[in-house]
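Report on the structure
Listed below, chain by chain, are the residues.
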Amino acid sequence: MTQTPRTQRSRTLFVTWSRRQFRVLLAWLVLGTVMGMAAATLLLGHQVDRLELERRRLELELSNRAAQIEKLEESLEARRRQVVREVEVRVLDFSDARREVELEAAVHGLYRHAIGSDLSELDPSILRAVAHNRTVTLGETAYTLQVEFIWAVAGRLVVWVRTRPGPLPDRPQP
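Now for a look at the structure at hand. Being a predicted model, the structure only gives us computed values, none of them experimental. (Residues numbered from 1 in each chain as written. Predicted model: local features only at pLDDT ≥ 70, side-chain atom pairs only at ≥ 80, totals over all residues. Heavy atoms only, no water.)

**Considerations on helix H3 (residues 97–110)**
- Here H3 contains 14 residues, and its C-alpha end-to-end distance of 20 Å stays within 8% of the 20 Å for a straight helix at 1.5 Å per residue.
- Among the residues of H3, Arg99, Leu103, Val107 and Leu110 are the ones counted as buried. In an axial view of H3, the angular spread of the buried residues amounts to 75°, which keeps them on one side of the axis. In H3, those exposed residues whose orientation departs by more than 90 degrees from the buried face are Ala97, Arg98 and Val101.
- The inward-facing, buried residues of H3 abut strand S1 (86–92), helix H4 (124–131), strand S2 (135–138), strand S3 (141–153) and strand S4 (156–165).
- At the N-terminal end of H3, a side-chain oxygen is found 3.4 Å from the backbone nitrogen of Arg98, two or three residues along, and the residue is Asp96. (Helix = DSSP H or I, 4+ residues; strand = E, 2+ residues; numbered from the N terminus. Expected span 1.5 Å × (residues − 1). Buried < 20%, exposed > 50% of the residue type's maximum accessible area, 1.4 Å probe, protein only. Arc of directions from axis to C-beta. Contact = heavy atoms within 4.5 Å. Polar contact = N/O pair within 3.5 Å; in protein donor to acceptor, adjacent residues only side chain to side chain.)

**Comments concerning the side chain of Thr163**
- With respect to the helices and strands, Thr163 occurs in strand S4.
- Residue classification places Thr163 among the buried residues on the basis of a relative accessible area of 16%.
- Not counting chain neighbours up to four residues away, the residues in contact with Thr163 comprise Val91, Phe94, Leu103, Tyr143, Thr144 and Leu145.

**Digging into the sheet that holds S2**
- Taken in spatial order, the four strands of this open sheet run S1-S4-S3-S2, and their pairing is mixed. A strand with exactly one partner marks an edge of an open sheet, and here the two such strands are S1 and S2. Averaged over all pairs of adjacent strands, the angle between strand axes in this sheet comes to 40°, irrespective of strand direction.
- Here S1 pairs with S4 via seven bridges, running parallel. Its bridge partner lying in S4, Val87 is registered against Leu157.
- Where H3 meets the sheet, it contacts S1, S2, S3 and S4, and its direction lies at approximately 135° from that of S1.
- Seen against the sheet, H4 touches S3 and S4 and runs at an angle of roughly 160° to S3. (Pairing = 2+ DSSP bridges. Axes fitted to C-alpha atoms, helices over the stretch in contact; angles between N-to-C directions.)

**Focus: the nonpolar core**
- By size, the foremost hydrophobic cluster in this structure holds 22 residues, and its most contacted members are Leu103, Tyr111, Leu145, Leu157 and Val161.
- Only S1, H3, H4, S2, S3 and S4 provide two or more residues apiece to this core.
- Among all residues touching Leu145, those that are not within four sequence positions of it are Leu103, Val107, Leu110, Ala131, His132, Asn133, Arg134, Val136, Arg162 and Thr163. (Core = buried A, V, L, I, M, F, W, Y, C linked by side-chain atoms within 4.5 Å.)

**Quick word on the pattern of salt bridges**
- Considering all chains together, one arrives at twelve salt bridges under this definition.
- Measuring nitrogen to oxygen at the nearest pair gives 3.9 Å for the salt bridge that ties Glu86 to Arg156. Placement of Glu86 in strand S1 and of Arg156 in strand S4 is noted, with a sequence separation of 70 residues between them.
- Among the salt bridges present, the one from Arg90 reaches Glu88, with a minimum N-O distance of 2.7 Å.
- For Glu88, a relative accessible area of 16% corresponds to the buried category.
- Within this structure, Glu52, Arg55, Arg56 and Glu59 form a network of salt bridges that share partners. (Salt bridge = Lys/Arg side-chain N within 4 Å of Asp/Glu carboxyl O.)

**Considerations on the packing of aromatic side chains**
- For the structure on display, the rule yields two aromatic pairs.
- Seen in terms of ring centroids, Phe94 and Tyr143 are 5.4 Å apart; in terms of plane orientation they differ by 70°. Their pairing is edge-to-face. Here Tyr143 lies in strand S3 and Phe94 lies in the loop between S1 and H3, a separation of 49 residues in the sequence. (Phe/Tyr/Trp six-rings, centres within 6.5 Å; stacked < 30°, edge-to-face > 60°.)

Given below as structure tokens:
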């Protein structure tokens with residue numbers, strides 16, 4: 001069996017590689033890789049440094065802005081006062097629903113001045129005195145108010161009143 005020159009050449013190509021030639025080829029491959037990494041570091045190192053500095057600058061700016069926001073929120077919270085935004089009247093033990101609405105409106109009118117007032121500046125004894133033992137006339141019937149409880153929190157003033165029939169106020173004679 002005779003071999004053709006092509007088959008012979010391919011066999012000799014793989015067979016004739018010595019360990020020394022393989023080491024030289026491997027050394028060139030490693031040297032090329034190292035040279036490529038060194039060139040990439042030189043070419044891209046400036047950009048990496050610039051991006052690192054930009055990241056540090058942005059982190060510093062972020063921390064400054066966070067501190068500024070915190071201070072502004074504290075300032076805003078200190079400025080924000082708790083004021084009475086709403087007055088609610090609750091009438092206890094009253095049987096006439098139509099008159100109850102009118103009575104609630106009358107008592108609400110007595111406490112209307114408290115809307116917009118600072119909660120910390122309201123005096124509970126004065127709030128109670130506004131309506132306690134006051135006589136309110138609804139139609140031909142007079143009611144005497146008794147303030148049972150006042151609750152002022154979170155911008156809301158709630159007044160619980162109890163009523164009892166009272167004397168009609170003296171009307172001026174013509």
